[in-house]
Amino acid sequence: MALYPKLIQDALAQVIYPGTKKNIIESGLLAGDIRIEGQKVSFTLSFEKQTDPFMKSVVKAAEANIKYACQQVDEEVEVEIKTEAKQAPRPEPEKLLPQVKNVIAIASGKGGVGKSTVSANLAVGLSMLGYKVGLIDADVFGPSMPKMFNLEDFKPYAERIDGRDLLIPAEQYGVKLLSVGFFVDKDSATIWRGSMASSAIKQFIGDTNWGELDYLLIDMPPGTSDIHLTVVQTLGLTGAVVVSTPQQVALADARKGIDMFVNEKINVPVLGLVENMAWFTPAELPNNRYYLFGKEGVKQLAEEMNVPLLAQIPVVQSVCECGDQGTPIVMNYDSMVGQSFLSLAQSVVTQINIRNANLPKTERVQTSK
C-alpha cells in the first residue's frame, strides 16, 4: 500500500506537546508540508526555541508513532524529522540590555509603604529631568502601574526585530512601561507559581525592545522572593533604592530588605533610602506637620546603616488622587510633594553618578547547580 500524507498526519496527531497539553498539530509545531518519497517520510517541526526542553522527546515520539502506523499497513519507512527555532535565542545574560546604562531596583521590606507610588513618580521625575527612562512593574501579584499611568486599556504587542519577536513597551509621560497588569484581567487575582512569575520577569527583561535608556527602574514586589532572585540572577543591577515609612514595624522589614542587597552573595549597592509618608500635611494647613507613623525613623535608619537618605515624602490627599487618576503628582511640580519627588529624582541621579565613579560594575548572581 502506498504511503499518503493523512496517515502520517494522523500519527502525529497522537503525539502530545507537554508545553501546551495539545497534540503537535494543534500546537502548530508542524512547519510546511509532509514530504513522502518512496519509503522515506520527512517533515519539519518548528519550536519556539532551539533549547526547548521537550524537543527531543517530541521528536522521538513522532518518529515512533509514524513507524508504528506504517507497520499497521505493512510498510517499512525511513523517518527524517528536522527541527527549527521560530525565533533567534535570547542573548546571553552578559549581553542583555546593551543600550541600557543603569538598572535600579525599587524595593521595600513590606507592602503598604508606597513603593509603587515612589517608583512611578521617580520614573516620571527622571524623564522630566531629560533622561530616557523605562519602568518594569515586577510586582507580579499586585501590579498597579497600569492604573498609575492611565494605561489600563493598553494591549501589549510584539514586533519581529533581528529574528526575534520582542515585546513593545507602552509609553506614557516620557516613560517606557511594561507590567504584568497588561497581560491579566485587572479584576482577577494572578494565581501563578513562582516559576511562572520568574519566567514573565525574564521575558520583560530579555524579550522586550527597550532601546536606549539612561535608567531602567524595576518596581520589585514587597519583601524578598523568587522575583528578587530572578532579577539579580538575570542582571547586574546598578543599585537599589529602598522605600519605607518611619514606623518601627516597617523599619524592621526595611533592614531585611537592605540586608538582602548588601549580602555578600548578592552584593548590590544600596543607593539610598526613601522615607515615604514622612508626615501628614492637610491642604488647609500647608505649614503644619503631623507625624502619623513616627518621626524621622527612616532618617535614623539611614544613619545607622550608613546609606544616604534620598528624600522624605509627605502624605497629602493629592498623592492618592493623582495616583487614582493616572497622573503622577511629580508632574505637578509647583506642589510641595511634586517638588519632593523631583528632588528625589535628582538625588538618585547624583548617587548613581557617585556609585559609578567609585565602584565596579555589579556582577549578576550566578545560579548554583
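Our subject is the structure listed above.
Residues numbered from 1 in each chain as written. Predicted model: local features only at pLDDT ≥ 70, side-chain atom pairs only at ≥ 80, totals over all residues. Heavy atoms only, no water.

Draft legend 1. Highlighting the overall build of the chain. In terms of helices and strands, the chain carries ten helices and 15 strands. Reported as C-alpha extents along the three principal axes, the dimensions of the chain are approximately 95 × 40 × 35 Å. For the chain, the proportion of its 369 residues judged to be buried stands at 48%. Counting contacts in the chain only where the partners sit at least 6 residues apart, residues at least 24 apart contribute 74% of the total. Looking at the chain, you have 35 positive and 42 negative side-chain charges, and the mean spots of the two groups are 4 Å apart. (Helix = DSSP H or I, 4+ residues; strand = E, 2+ residues; numbered from the N terminus. Buried < 20%, exposed > 50% of the residue type's maximum accessible area, 1.4 Å probe, protein only. Contact = heavy atoms within 4.5 Å. Lys, Arg positive; Asp, Glu negative; His and termini not counted. Charge placed at Lys NZ, Arg CZ, Asp CG, Glu CD.)

Draft legend 2. Highlighting the pattern of salt bridges. Per the stated rule, a full pass over the model turns up twelve salt bridges. For Lys256, the salt bridge is made with Asp253, and the minimal N-O distance between the two is 3.8 Å. With Lys256 and Asp253 both in helix 7 (residues 248-262), this residue pair falls three residues apart, about one helical turn. With a relative accessible area of 57%, Lys256 lands in the exposed category. Ionic contacts of the salt-bridge type, sharing partners, join the residues Lys115, Asp139 and Asp219 into one network. (Salt bridge = Lys/Arg side-chain N within 4 Å of Asp/Glu carboxyl O.)

Draft legend 3. Highlighting helix 6 (residues 226-234). Taken together, the buried positions of helix 6 are occupied by Ile227, His228, Thr230, Val231, Val232 and Thr234. Looking at the buried residues of helix 6, the elements they touch are helix 5 (194-206), strand 12 (213-219) and helix 7.

Draft legend 4. Fine view of the sheet that holds strand 5 (residues 78-85). Spatially, the three strands line up as an open sheet ordered 3-4-5, and their pairing is mixed. Among the strands making up the open sheet, the edge pair consists of strand 3 (30-37) and strand 5. Averaged over neighbouring strand pairs, the angle between their axes works out to 15° when direction is ignored. Of the strand pairs in this sheet, strand 3 and strand 4 (residues 40-47) are connected by five bridges, and their pairing is antiparallel. Paired with Leu30 across the strands is Leu45, a residue of strand 4. Along the sheet, helix 2 (residues 55-72) makes contact with strand 4 and strand 5, crossing strand 5 at roughly 155°. (Pairing = 2+ DSSP bridges. Axes fitted to C-alpha atoms, helices over the stretch in contact; angles between N-to-C directions.)

Draft legend 5. Up close: the packing of aromatic side chains. Under the definition given, this model contains eight aromatic pairs. The interplanar angle of 90° and the centroid separation of 5.7 Å between the aromatic rings of Tyr17 and Phe54 together place this pair among those described as edge-to-face. Pair noted here: Tyr17 is in strand 1 (residues 16-17) and Phe54 is in the loop between strand 4 and helix 2, with a separation of 37 residues, a long-range link. You can call Phe54 partly exposed: its relative accessible area is 29%. Measuring from ring centre to ring centre gives 5.2 Å for Tyr131 and Tyr215, while their planes differ by 75°; the resulting arrangement is edge-to-face. Residue Tyr131 is found in the loop between helix 3 (115-128) and strand 7 (133-137), and its partner Tyr215 is found in strand 12; the two are separated by 84 residues along the sequence. With relative accessibility at 29%, the residue Tyr131 sits in the partly exposed group. The structure contains a cluster of three or more aromatic residues connected by ring pairs, namely Tyr17, Phe47 and Phe54. The ring of Trp279 carries Arg289 above its face, with NZ or CZ at 3.7 Å from the centroid. (Phe/Tyr/Trp six-rings, centres within 6.5 Å; stacked < 30°, edge-to-face > 60°. Lys NZ or Arg CZ within 6 Å of the ring centre and 35° of its normal.)

Draft legend 6. Looking closely at the pairing of strand 14 (residues 270-280). Within strand 14, nine of the eleven residues are buried, which leaves the element mostly enclosed by the surrounding structure. Across five bridges, the pairing between strand 13 (residues 239-244) and strand 14 is parallel. Each residue of the ladder has a partner; that of Ala240, found in strand 14, is Val270. Handedness of the strand 13-helix 7-strand 14 crossover: right-handed. Sheet topology note: the strand 14/strand 15 (residues 309-315) ladder contains five bridges and is parallel. When the bridges of strand 15 are listed, Glu275 appears paired with Gln312. (Right-handed = clockwise from strand over helix to strand, strands pointing away.)

Draft legend 7. Just the layout of surface pockets, in detail. Roughly 880 Å³ of volume is contained in the largest pocket. In terms of lining, the largest pocket is formed by 27 residues, of which the most central are Lys49, Arg90, Lys202, Gln203 and Asp207. When contributions to the lining of the largest pocket are tallied by element, the ones reaching two or more residues are strand 9 (164-168), helix 5 and helix 6. Among the elements that line the lining of the largest pocket, the one with the most residues is helix 5, at six residues. Of the residues that constitute the lining of the largest pocket, the class distribution is nine nonpolar, nine polar and nine charged. If you add up the space inside the second largest pocket, you get close to 440 Å³. Forming the walls of the second largest pocket are 23 residues, and the residues nearest its centre are Glu94, Leu96, Gly236, Lys361 and Thr362. (1 Å grid on protein atoms, 1.4 Å probe; cavity = no way out; pocket = protein on both sides within 12 Å on 5 of 7 lines; lining within 4 Å. Points joined across faces, edges and corners; volume = space filled by probe spheres on them. Nonpolar A, V, L, I, M, F, W, Y, C, P; charged D, E, K, R; others polar.)

Draft legend 8. Structural view of the packing of helix 5 against helix 6. Two numbers describe how helix 5 lies on helix 6: the axes approach to 9 Å, and their chain directions differ by 35°. Considering how the two elements wind past one another, helix 5 and helix 6 form a crossing that is right-handed. Contacts between helix 5 and helix 6 involve Gly194, Ala197, Ser198, Ile201, Lys202 and Ile205 from the former and Asp226, Ile227, Thr230, Val231 and Thr234 from the latter. Its residues assigned to classes, the contact of helix 5 with helix 6 shows five nonpolar, four polar and two charged. (Left-handed = near helix turned anticlockwise from the far one by under 90°.)

Distances and angles like these do not, on their own, reveal function.
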